[in-house]
Structures are given as structure tokens and as C-alpha cells.
Amino acid sequence: MIENLQHIYIQQLPGMYSRHNSVSLLRLDLLHPVISGNKWFKLKYYLAEALDQQKTTISTFGGAFSNHIIATAYAAQQSGLESIGIIRGEKSNPESTTLLQAQAYGMKLIFIDREQYKNKKEIMDEYNHPKNYWIGEGGRGELGARGASEILTLPCLSDQAYTHILCATGTGTMLAGLVKKASPDQQIIGISVLKNHHSINEEVNALLSVEEKEKPFQIISGYHFGGYAKHPPALIAFMKELWHAEKVPTDIVYTSKLLYAVKVLLRKGFFPANSRLLVIHSGGLQGNQSLNPGTLPF
Ligand SMILES: *Cc1c(COP(=O)(O)O)cnc(C)c1O
């Protein structure tokens, strides 16, 4: 589907090194200018199953700046499937660039007010048809985790022994995938971008087998900057600083919070000496289009 896997590479972040710890950044954001990062991995097996079941349409859920919505629109089009996006909230004028791009990839949009949107089951009953295949919001679920596990099979990771793998965590599907594929002595750490997401451990565990649950993983909260998609000036300032220091572009929802957490954890001495960190840049840069033009230097 996407032939750009060779664009992905590992960028060292020497500015973040401390106490003999090294920090390597997996630039999944370079996968595709719009469909960047983990969403493409997460969608792969859902699309395969839809085709296998001879479905004609993919339907899914998301907000007006959703990385998942735009990735689904693109991936469905590439697979010769129709797509429908159930969008949270009223249609705005002008529409977000994300939604305009999703429509350019052939997605039909249905706007549902925020109250009704909470009841996914009702919406699914209303819009279902025999040739339709549902993908959960954000691509959450087992097939999503299986797809995400393949992030760790990328050729650029083949001969590196990392002690810790860190990623941003929304639904926890990517984290579960990484746990599946990691070797038993690798620590997987998710930085939660949601506030008060108390059920996250349970949700990740639900995607793991009995043996996988025994692997060392943890989810750290406290780096959400006020909650999902919240981006106070301190976060924007960090994003600019990171860009100037390392030429790493980040997004306001996921990767900026991840990299901020990595920086603070390193400073606090969280990692034992001689740790080799692999940080997953999961993409999502298109979401920055929700900011006023000129807010960021990239
Ligand atoms: C969706 C997303 C995540 C979170 O993935 P989950 O599997 O939902 O935890 C992280 N980073 C980016 C850029 C994303 O779009």
C-alpha cells in the first residue's frame, strides 16, 4: 500500500543523551506526508479482513482533526473500498483540512452531535449494512495491535539492541503491539496523552495473551499537559525548542508529549546507566493544522 518504508530511519538525539544513555528516534512520521506513523500499521489487518470478507465499505469514527480518519480514508481508497467517517460534532465552516483531505480520498462524512456520538452502538445499528466493515475509533483492537507489532520488524531496527522502547499512548493499541513483538528483557513504556485514563492498563491487557501480559511494560501518566489535544504555551515552546535543537517536528497531541516525557525522565535519572532508548515517532503531524498558521516553525 505504502512503498515508503525505506524513508523511515533512526535519528540519534544527542542533545538528550545523559548518564551514558542513548536516545534513538524511529521516524515513522516519514512514512507518508499525510498518512504518517502508526495508523497505517494499525489499519493493515482490518483492511485485509474486510477484503477477505468481501466487504465494500469501511466505516469508522473520529474527530475533525483525527489521524485515524484521514489514514482510514487513504487506506480504504488504496484497497478499492468505500469509506465512511462518523465525525464527532457539528459540521464546521470552513471544514478542517483533515476532513477536506479525507473527502478528497473519497470518504463520505456523517456528522453526529457530541452527545449522540458517545453511543457508538446505536450509531453502528443505524448505519450498518451487510457489506460494511466497522473499525473502532482510533483503530483500537486486536488486529490493530497485530499490525502495530510490525513496527518492530522494520529493517532499520534489525541490528540494534534497545533496553527501553517508548511510545505515546492513546487507546494503547500500539503499545500492546510493541509488547507482543518486544524481546522479554525489553521494557516498553507508554506515555499516556489522556487525563484520568484509569482503565488503560486493563485495555492494554485485553489485547495481550497470558504470556505477553507477563512482559515488562508500563504506562506513565502525568505528561498529558491538561488532557487530550491540550497544548498550553509550555508545550508549544518545547516543540519549538526540540525543532531548533534536533530538527524533529512533533505534533501537539502525541509525539510532543512523548518527547517531553522522555526528556524529563532522563533528567530525573529514571533509566539505569547505559540504557539504550528507542523512542517511536508515531507521526500525526497533520493534526497541527488545527493551530493558527505560523504557530510552529515547521
Ligand atoms: C493514534 C496515535 C497514537 C496512539 O496510538 P494508540 O494505539 O491509540 O495508543 C500515537 N501517536 C500518533 C501520532 C497517533 O496518531
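Quick summary incoming for the structure in this document. (Residues numbered from 1 in each chain as written. Predicted model: local features only at pLDDT ≥ 70, side-chain atom pairs only at ≥ 80, totals over all residues. Heavy atoms only, no water.)

### Examining the site of the ligand
Phase 1 of the analysis: In the vicinity of the ligand, 14 residues are found, and the nearest of them are Lys-39, Lys-42, Gly-170, Thr-171 and Ser-282.
Phase 2 of the analysis: Lys-42 has a polar side-chain atom sitting 2.7 Å from an oxygen atom of the ligand.
Phase 3 of the analysis: Take Thr-171: an N or O atom from its side chain is 2.6 Å from an oxygen atom of the ligand.
Phase 4 of the analysis: Bound to the protein, the ligand loses 98% of the 380 Å² it would expose on its own.
Phase 5 of the analysis: Elements that contribute at least two residues to the shell around the ligand include exactly α1 (38-52) and α7 (173-181).
Phase 6 of the analysis: Examining the composition of the shell around the ligand, we find that three residues originate from one element, α1, more than from any other.
Phase 7 of the analysis: Grouping the amino acids of the shell around the ligand by side-chain chemistry returns two nonpolar, ten polar and two charged. (Near = heavy atom within 4 Å. Polar contact = N/O pair within 3.5 Å; in protein donor to acceptor, adjacent residues only side chain to side chain. Areas by Shrake-Rupley, 256 points an atom, 1.4 Å probe, with all protein chains shown as cover. Helix = DSSP H or I, 4+ residues; strand = E, 2+ residues; numbered from the N terminus. Nonpolar A, V, L, I, M, F, W, Y, C, P; charged D, E, K, R; others polar.)

### Some details on the pattern of salt bridges
Phase 1 of the analysis: Evaluation of the coordinates by the stated rule reveals eleven salt bridges.
Phase 2 of the analysis: For Glu-82, the salt bridge is made with Lys-108, and the minimal N-O distance between the two is 3.4 Å. Of this pair, Glu-82 sits in strand β4 (residues 82-88) while Lys-108 is found in strand β5 (residues 107-112), placing the two residues 26 residues apart along the sequence.
Phase 3 of the analysis: Its salt-bridge partner being Arg-88, residue Glu-137 comes within 3.9 Å of it at the nearest N-O pair. You can see Glu-137 sitting in the loop between β6 (132-134) and α6 (142-149) and its partner Arg-88 sitting in strand β4, a full 49 residues away along the chain.
Phase 4 of the analysis: The partly exposed category is assigned to Arg-88, whose relative accessible area is 30%.
Phase 5 of the analysis: Through salt bridges with shared partners, a single network forms among Arg-88, Lys-120 and Glu-137. (Salt bridge = Lys/Arg side-chain N within 4 Å of Asp/Glu carboxyl O. Buried < 20%, exposed > 50% of the residue type's maximum accessible area, 1.4 Å probe, protein only.)

### Describing the environment of Met-16
Phase 1 of the analysis: By secondary structure assignment, the location of Met-16 is in the loop between β1 (10-12) and β2 (22-27).
Phase 2 of the analysis: Residue Met-16 is classed as buried on the basis of its relative accessible area of 8%.
Phase 3 of the analysis: On a C-alpha basis, the gap between Met-16 and Met-239 in space is 14 Å, while along the polypeptide they are 223 residues apart.

### Concerning the packing of aromatic side chains
Phase 1 of the analysis: Scanning the model with the defined rule gives ten aromatic pairs in all.
Phase 2 of the analysis: A centroid spacing of 4.9 Å and a plane angle of 75 degrees characterise the contact between Phe-225 and Tyr-260, whose relative ring orientation is edge-to-face. In this pair, Phe-225 sits in the loop between β9 (217-220) and α10 (233-246) while Tyr-260 sits in helix α11 (residues 255-267), placing the two residues 35 residues apart along the sequence.
Phase 3 of the analysis: Given a relative accessible area of 18%, Phe-225 falls into the buried group.
Phase 4 of the analysis: Ring plane angle 80 degrees and centroid distance 4.9 Å describe the contact between Phe-270 and Phe-271, whose orientation is recorded as edge-to-face.
Phase 5 of the analysis: Three or more aromatic residues joined by ring pairs make a cluster, and in this case those are Tyr-223, Phe-225, Phe-238 and Tyr-260.
Phase 6 of the analysis: Above the face of the Tyr-45 ring, Arg-146 is positioned so that its terminal group lies 4.7 Å from the ring centre. (Phe/Tyr/Trp six-rings, centres within 6.5 Å; stacked < 30°, edge-to-face > 60°. Lys NZ or Arg CZ within 6 Å of the ring centre and 35° of its normal.)

### Side note on the side chain of Ser-96
Phase 1 of the analysis: Along the chain, Ser-96 falls in the loop between β4 and α3 (97-104).
Phase 2 of the analysis: Once residues lying within four places of it in the same chain are set aside, the contact partners of Ser-96 are Ala-64 and Phe-65. (Contact = heavy atoms within 4.5 Å.)

### Overview of the environment of His-68
Phase 1 of the analysis: Mapped onto the fold, His-68 is located in helix α2 (residues 67-78).
Phase 2 of the analysis: Separated by 175 residues in the primary sequence, His-68 and Trp-243 place their C-alpha atoms 25 Å from one another.
Phase 3 of the analysis: Those residues in contact with His-68 that lie beyond four places of it in its chain are Lys-39, Leu-43, Thr-60, Phe-61, Ile-135, Gly-136, Glu-137, Gly-138 and Gly-139.
Phase 4 of the analysis: A polar atom in the side chain of His-68 sits 3.5 Å from the backbone nitrogen of Gly-139.

### Looking at the nonpolar core
Phase 1 of the analysis: In terms of nonpolar packing, the biggest core is built from 55 residues, with Leu-26, Ile-151, Leu-178 and Ile-280 touching the most fellow members.
Phase 2 of the analysis: Ranked by residues supplied to this core, first place goes to α2 with seven residues.
Phase 3 of the analysis: Ignoring anything within four residues of it in the chain, the contact list for Ile-151 reads Leu-26, Leu-28, Asn-38, Phe-41, Leu-157, Met-174, Leu-178 and Ile-280.
Phase 4 of the analysis: Of all hydrophobic cores here, the second largest spans 33 residues; its members include Tyr-223, Phe-238, Leu-259 and Val-279. (Core = buried A, V, L, I, M, F, W, Y, C linked by side-chain atoms within 4.5 Å.)

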